[in-house]
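Here are the chains, one letter per residue:
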Amino acid sequence: MKLSAAAAAAMGTAAATGTAAAAASRHGISFDRVVNAVEDLGWDPNGDREISVPTDDGLLIEVPAGEYVFRGSGDKTGPVQGSLTNWGIRGLGDEPSDVVFRTSNGKSGRFINSRPSSDGLLVENLTFDNTDDRTGGDIGNALRAADNLEVHDVDHIGFSGREPYCRWSIMPFISTAGGVGNIVNYSKTGPSVFAGHGSSDGGGGVFNAHEGRLNFKDCTIANQGGDGGLYTGKHPGKIVFDGCHFENNDMAVIRTGAGSELRNCTILMDWDNAHPDNVIDHSDYPTGTNGVYFSSAQFGKSGGGIYDTDVIIKSTYKPGQAGITINNSEGNFEIHDTRVQVDVDNMPGIWCRDPGNQRLSAHKTPSKPWDIDIRNVSVTGSGDMDGKGAIVLDRRHGSTITDSCVQVDGNADGICIRNARNCTVQNTNINVGGRATVFGSSSVDTSGISQSDGCPLPSMGGSSDASDGSDDGDDSDSGASSPVDGSNDGEQSLLVEGIGEFTRYAFECSHELRPDPENPPESEINGKTAKGIVAGSNDGFLFDGAGEVTTFEFETGSANVYVNGERVAPEDVPEATRRDDGSSSDDGSSDDGDDSASDGDSSTPSEYELEVVGRGDYTRYQFSVTGGIVSLEDGEEAPNGASSVKGHLAGGVDPYRITGAVESFEFTRREADLRLDGEAVTPDELVEKTQQTTDDGSDDSDDSTGDSGGSDSGSGGSDGGDDSDDGDTGHGGTSDGPHELLILGNGDYARYRVEVSEGIYSKEDGEETPNGGSSVTGHVAGGKDLFEFTGEVTDFEFETGTATVYLDNERVDPQSLVDAEGLPENTVSIVGAPDEVASYRFTTDGSVVVNPDKGTFDAADNISEKSAEGAVTGGGVDSYRFSGSITDFSLTGTAAVYVNGTQVSPDLLGTGEDARLLDLIVVDGTGSSGRCDYRFSVDGHVAKSLELGTVEAEDTIEGGTVTGTVEGERDAYRFAGTLTGFDMDGSATLRFQSN
């Protein structure tokens, strides 16, 4: 027997009186006896006397609600010691906070300190309290077992100090290869001291002796100092984190190693909004924070991965290595269905370091292969990516990046692969201000590279929100190709996803529309109707689950459409939103009747202030209202742009102003307090009290639909639109209008200036806001600027860069916007190659004149009414203006041909087919040493871009296949169609630009 004298006496009394319960089983562990800690063991639930804990085999101690104290040892021992067999402790409260343990003397120490030979250890429904003392009272639990470790619903609260006061809050391991431990719904949310490397223990750790498997499920670790929120990488075993949330932890928000997995987790670093009581030790400054850090160090492991996980770096006290760092000690590894957002400088999104060059002598080089499989991953953000690239792979031979998306602001590069052989990048969108790809001393096969605006963004609440009601794992299928995960209960979603083509859409719903906060539309929502434009961006909408889309159409262009996360054909949208009970059409008609009946009701929806007040636990919540929601965070009124909100907090307050009735309020993880206009309420009371007012503002939407007072010019504009069609032969001579002017970014930073003869207005976000006159200056990179103007365009220029311009839905040459003083509106220019002579001849069905603004006209050039012929040499330029169309064109020799500023294929010019070469590929060897050979193919036409690259005899074009070499220079090509393959041997930088 391992009982103290007092415990033995209590057990004897329990046996005599019959209060000890018979055998029981919990979470797969069988117990011979169950005792009540107060009634049978004499524990004091008021915390006035220290407890004594029996550790007999087969004993389950059930603890009534109360506060219990034990003597802090000041070292690594505690009241529960030794090899434990089928031993457990379980709180009887409704939640973990009902049963609290703390030290009696203010000293730190462990509560449980089990030996690795333990088998069958249960800790359930308890709270361990470090208190607010910063110099003692920290509690640790060393939960070591050979098998059958079960930790469920355990909270660890209070302040975590630094050495010598800190203790590993949870330090589990399984000592046998076949053993398993489960840690479910464990929470430790700080605050803590943040100090230098090795100066504090952190939230928890798993170390060398772990050989089995540990499953962390639905756990929350936040505001923890030390070497990682959980330090779990250095061991030969395996750990799986599923549905966990890690936030604002030191060194790494979560730290583990190869062979382990992150699944459906959220990793957030936002130091600006961290726990206000966190302390940085400025005398021993912390090292900086990675988002995810995989390092098995001296074990040199391979395998494992990151799956369906959100990694968000919004702010930090000091940058770490990357959003996701795979250390040199890790071998092959997978990153799938994951979203990374980095908004701070000096950190790439993903950095997989060189396994052939260990940073520390104690670290082990992993066995080959060293490849990284990146699949269906998006990297976004406003950080500079440390000047390396959004995704960086160093000596990761055989790596693959597929079906992924990179979209970062500024001049950051996209994908950087260095010193790696036999790599592949395919079916990936890269939209960056710098170079799309940088391949240094590497061989990379690329295909299906595109450029557009939209990449899936991480969810601040974590993708685990979607699994709270179901663990079927289907979320991983949504990925980058379908940014909407599906409909929530009681509402439907519709997403219009741009595919790089200018597209104007319109649709009508039977119920009120509202923006989807995850994909807020840059469009006009007018009650039950929406009109908008996408090119590379996404517009998302939500509406009541009983509603249906009654009409949907593309007025111009094409895009992908998703209903409740499923892609559908545009013509099938109404059917896809229709519910089986057929109630939506009835609801729509009854809405109309209700609206007309209430025209005389001048009342407005009631307004309330709602506060969500944290209790110190990490809490997720969501709610919706019939009117609108405004965040009052930091005293500012910043519209959330929706009538529904998802949020999270631990401490602090999230304040909102709401109008209308609260339709639903739900805590999806833990609970917090609610105050409605200062009065404490439950979620059910919140709904009930606000339901007194049910006016959802539908009168206003009907009024705005019927009120044409602000759009008289718009209704007149339909005639103007017809006039613009009639005047299609010269955009500079546009009628009074109104006209729409769209400037669509192509990934390059472009600054522009527009002047018109009358007035110009911004139509961004669906509003017509005067820009203050007849001129406007602006800039685009990957986005779009939309204007409405009256009169004529009198001046248009790009001060830096270029972009694509549409006038009244038709793509135009910017030069053609301005009236050319009676000259023909079209231009054709022939640009010669250095050291070569090229001759040309073309015929039009209109007239041809010399272009006075560009090129030369000499004795070798000749014009005969509708035709012109000539020659260019040594990089010279001949340019003409013409009316009508080119009906025939012939070219002998090497030259580049441009029509209205766009390079074209001479072979297609005059055939009636689209001759434009809108896509660009650049092979840049200027920053590399040595020779780089390349070969690529397209399924359309391709031509040298003379203004961006050099011409060499070694560079050849045969059909759609290009073979060439760079050695300290740059080659550039423009093409039409799809890039079907790319091979490169050597070091060069690739840049793709797709229009």
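This is a predicted model, so every value here is computed, not measured.

Analysis parameters
- Residues numbered from 1 in each chain as written.
- Predicted model: local features only at pLDDT ≥ 70, side-chain atom pairs only at ≥ 80, totals over all residues.
- Heavy atoms only, no water.
- Helix = DSSP H or I, 4+ residues; strand = E, 2+ residues; numbered from the N terminus.
- Buried < 20%, exposed > 50% of the residue type's maximum accessible area, 1.4 Å probe, protein only.
- Contact = heavy atoms within 4.5 Å.
- Areas by Shrake-Rupley, 256 points an atom, 1.4 Å probe, with all protein chains shown as cover.
- Pairing = 2+ DSSP bridges.
- Disulfide = S-S within 2.5 Å.
- Axes fitted to C-alpha atoms, helices over the stretch in contact; angles between N-to-C directions.
- Salt bridge = Lys/Arg side-chain N within 4 Å of Asp/Glu carboxyl O.
- Polar contact = N/O pair within 3.5 Å; in protein donor to acceptor, adjacent residues only side chain to side chain.
- Lys, Arg positive; Asp, Glu negative; His and termini not counted.
- Arc of directions from axis to C-beta.
- Phe/Tyr/Trp six-rings, centres within 6.5 Å; stacked < 30°, edge-to-face > 60°.
- Core = buried A, V, L, I, M, F, W, Y, C linked by side-chain atoms within 4.5 Å.
- pLDDT = per-residue confidence, 0-100.

**Brief notes about the overall build of the protein**
Looking only at helices and strands, the protein has 6 helices and 84 strands in total. Expressed as a percentage of the 995 residues in the protein, the buried residues total 55%. A separation of at least 24 residues holds for 77% of the contacts in the protein among residues at least 6 apart in sequence. A total of about 38600 Å² of accessible surface is found on the protein, and carbon and sulfur atoms cover 43% of it.

**Describing the pairing of strand S9 (residues 99-103)**
Of all 5 residues in S9, 5 are buried; the element is thus mostly enclosed. For strand S6 (residues 66-70) and S9, the ladder comprises 5 bridges, and the chain directions are parallel. Counted as the bridge partner of Val69 is Arg102 from S9. Pairing of S9 with strand S11 (residues 119-129) involves 2 bridges; the strand directions are parallel. Its bridge partner being in S11, Phe101 is matched across the sheet by Phe128.

**Some words on unusual backbone geometry**
Residue Pro164 follows Glu163 across a cis peptide bond; omega there is 10 degrees. Along the chain, the position of Pro164 falls in the loop between strand S13 (147-157) and strand S14 (171-174). Put simply, Gly190 and Pro191 share a cis peptide bond, and its omega is 15 degrees. On the secondary structure map, Pro191 appears in the loop between strand S15 (180-188) and strand S16 (193-194). Look at Ala297: it is not a glycine, yet its phi comes out positive at around 50 degrees. In this structure, Ala297 sits in the loop between strand S26 (290-294) and strand S27 (305-307). According to the relative accessible area criterion, Ala297 is buried, its value standing at 0%. Notably, Asn376 is not glycine yet its phi reads approximately 60 degrees, a positive angle. Along the chain, Asn376 turns up in the loop between strand S33 (372-375) and strand S34 (378-381).

**A closer look at the state of the cysteines**
In protein chemistry, a disulfide is the covalent bond that joins the sulfur atoms of two cysteines. Applying the stated rule across the entire model yields 1 disulfide. Not part of a disulfide, Cys265 finds its nearest cysteine sulfur in Cys244, a span of 4.7 Å.

**Comments concerning the sheet that holds strand S75 (residues 886-892)**
Sheet architecture is open: 4 strands sit in the order S72-S73-S70-S75, paired in antiparallel fashion. Unpaired on one side and paired on the other, strand S72 (862-864) and S75 mark the two borders of the sheet. If you compare each strand with its neighbour and ignore which way they point, the axes differ by 10 degrees on average. Examined bridge by bridge, S72 and strand S73 (residues 867-873) share 3 bridges and lie antiparallel to one another. Bridging from a neighbouring strand, Asn862 pairs with Glu869 of S73.

**Description of the pattern of salt bridges**
What the rule picks out here adds up to 36 salt bridges. Note that Asp413 and Arg435 form a salt bridge whose closest N and O atoms lie 2.7 Å from each other. Placement of the pair is Asp413 in the loop between strand S37 (405-408) and strand S38 (415-418) and Arg435 in the loop between strand S39 (423-431) and strand S40 (437-442), with a sequence separation of 22 residues. Residue Lys944 is joined to Asp955 by a salt bridge in which the shortest nitrogen-to-oxygen separation is 3.3 Å. Separated by 11 residues along the polypeptide, Lys944 in strand S80 (residues 942-944) and Asp955 in the loop between S80 and strand S81 (956-958) bring together distant segments of the chain. Bridged by salt links that share partners, the residues Arg26, Glu62, Arg90 and Glu124 form one connected network.

**Side note on the environment of Asp138**
Assignment of secondary structure puts Asp138 in the loop between S11 and strand S12 (139-145). We classify Asp138 as buried; its relative accessible area is 1%. Linking Asp138 and Cys166, residues 28 residues apart in sequence, is a C-alpha distance of 5.7 Å. Excluding residues within four positions of it along the chain, Asp138 makes contact with Ser108, Gly109, Asn130, Phe159, Ser160, Gly161, Tyr165, Cys166 and Arg167. For Asp138, the side chain forms a polar contact with the main-chain nitrogen of Gly161, separated by 3.0 Å.

**Remarks on the side chain of Asp516**
As for its position among the elements, Asp516 is in the loop between strand S44 (513-515) and strand S45 (524-526). The contact partners of Asp516, leaving out residues within four places of it in the chain, are Pro521, Gly540, Phe541 and Leu542.

**Things to note about the side chain of Asp227**
Among the secondary structure elements, Asp227 is positioned in the loop between strand S18 (220-222) and strand S19 (231-232). Among buried Asp, Glu, Lys and Arg side chains, Asp227 stands out as unpaired, with Arg255 the closest opposite charge at 4.8 Å. A polar contact is formed between the side chain of Asp227 and the backbone nitrogen of Gly198, at a distance of 3.4 Å. With residues near it in sequence (within four places) discarded, Asp227 still touches His197, Gly198, Ser200, Asp250, Met251 and Arg255.

**Focus: the sheet that holds strand S43 (residues 503-509)**
With antiparallel pairing, 4 strands are arranged side by side in an open sheet as S45-S46-S43-S48. Only two strands of the sheet have a single neighbouring strand rather than two, namely S45 and strand S48 (549-556). Sheet twist, expressed as the mean angle between neighbouring strand axes with direction ignored, is 10 degrees.

**Comments concerning helix H4 (residues 683-690)**
Taken as a whole, H4 has its buried residues at Leu686, Val687 and Thr690. Buried residues along H4 cover an arc of 95 degrees about the axis, so they all sit on one side. Exposed positions of H4 whose direction lies more than 90 degrees from the buried face are Asp684 and Glu688.

**Some words on the environment of Arg339**
On the secondary structure map, Arg339 appears in strand S31 (residues 339-342). Residues Arg339 and Ser404 lie 65 residues apart in sequence; the distance between their C-alpha atoms is 9.8 Å. Of note is the side chain of Arg339, whose polar atom sits 3.0 Å from the side chain of Asp308. Looking at Arg339, its side chain comes within polar contact range of the side chain of Asp310, at 2.4 Å.

**Considering the packing of aromatic side chains**
Scanning all chains against the criterion turns up 35 aromatic pairs. With a centroid separation of 4.6 Å and 65 degrees between ring planes, the pair formed by Phe294 and Phe333 is classed as edge-to-face. Taken together, the positions of Phe294 in strand S26 and Phe333 in strand S30 (residues 333-336) put the pair 39 residues apart, joining distant regions of the chain. The class of Phe294 is buried, set by a relative accessible area of 0%. Following the ring pairs from residue to residue traces out a cluster consisting of Trp43, Tyr68, Phe70, Phe101, Phe111 and Phe128.

**Comments concerning the nonpolar core**
Counting residues in hydrophobic clusters, the biggest one holds 110 residues, and the most contacted among them are Trp43, Ile61 and Phe101. At 6 residues, strand S84 (residues 979-993) tops the list of elements feeding residues into this core. Sequence-distant contacts of Ile61, defined by excluding residues within four places in its chain, comprise Val35, Ala37, Leu41, Trp43, Val53, Pro54, Trp87, Gly88, Ile89 and Arg90.

**Digging into the confidence of the model for the protein**
Mean pLDDT over the protein works out to 81, with 82% of the residues at or above the 70 mark. Contacts from residues 1-18, a stretch scored under 50 in pLDDT, to residues over four places away or in other chains number 21 contacts.

**Regarding the environment of Gln903**
Position of Gln903 among the secondary structure elements: in strand S77 (residues 902-904). Judged by its relative accessible area of 2%, Gln903 falls in the buried class. When the C-alpha positions of Gln903 and Asp919 are compared, they lie 9.8 Å apart, and in sequence the two are 16 residues distant. Among all residues touching Gln903, those that are not within four sequence positions of it are Ala896, Val897, Tyr898, Ala915, Arg916, Leu917, Ala943, Lys944, Ser945, Glu947 and Arg974. At 2.7 Å, the side chain of Gln903 forms a polar contact with the backbone oxygen of Lys944.

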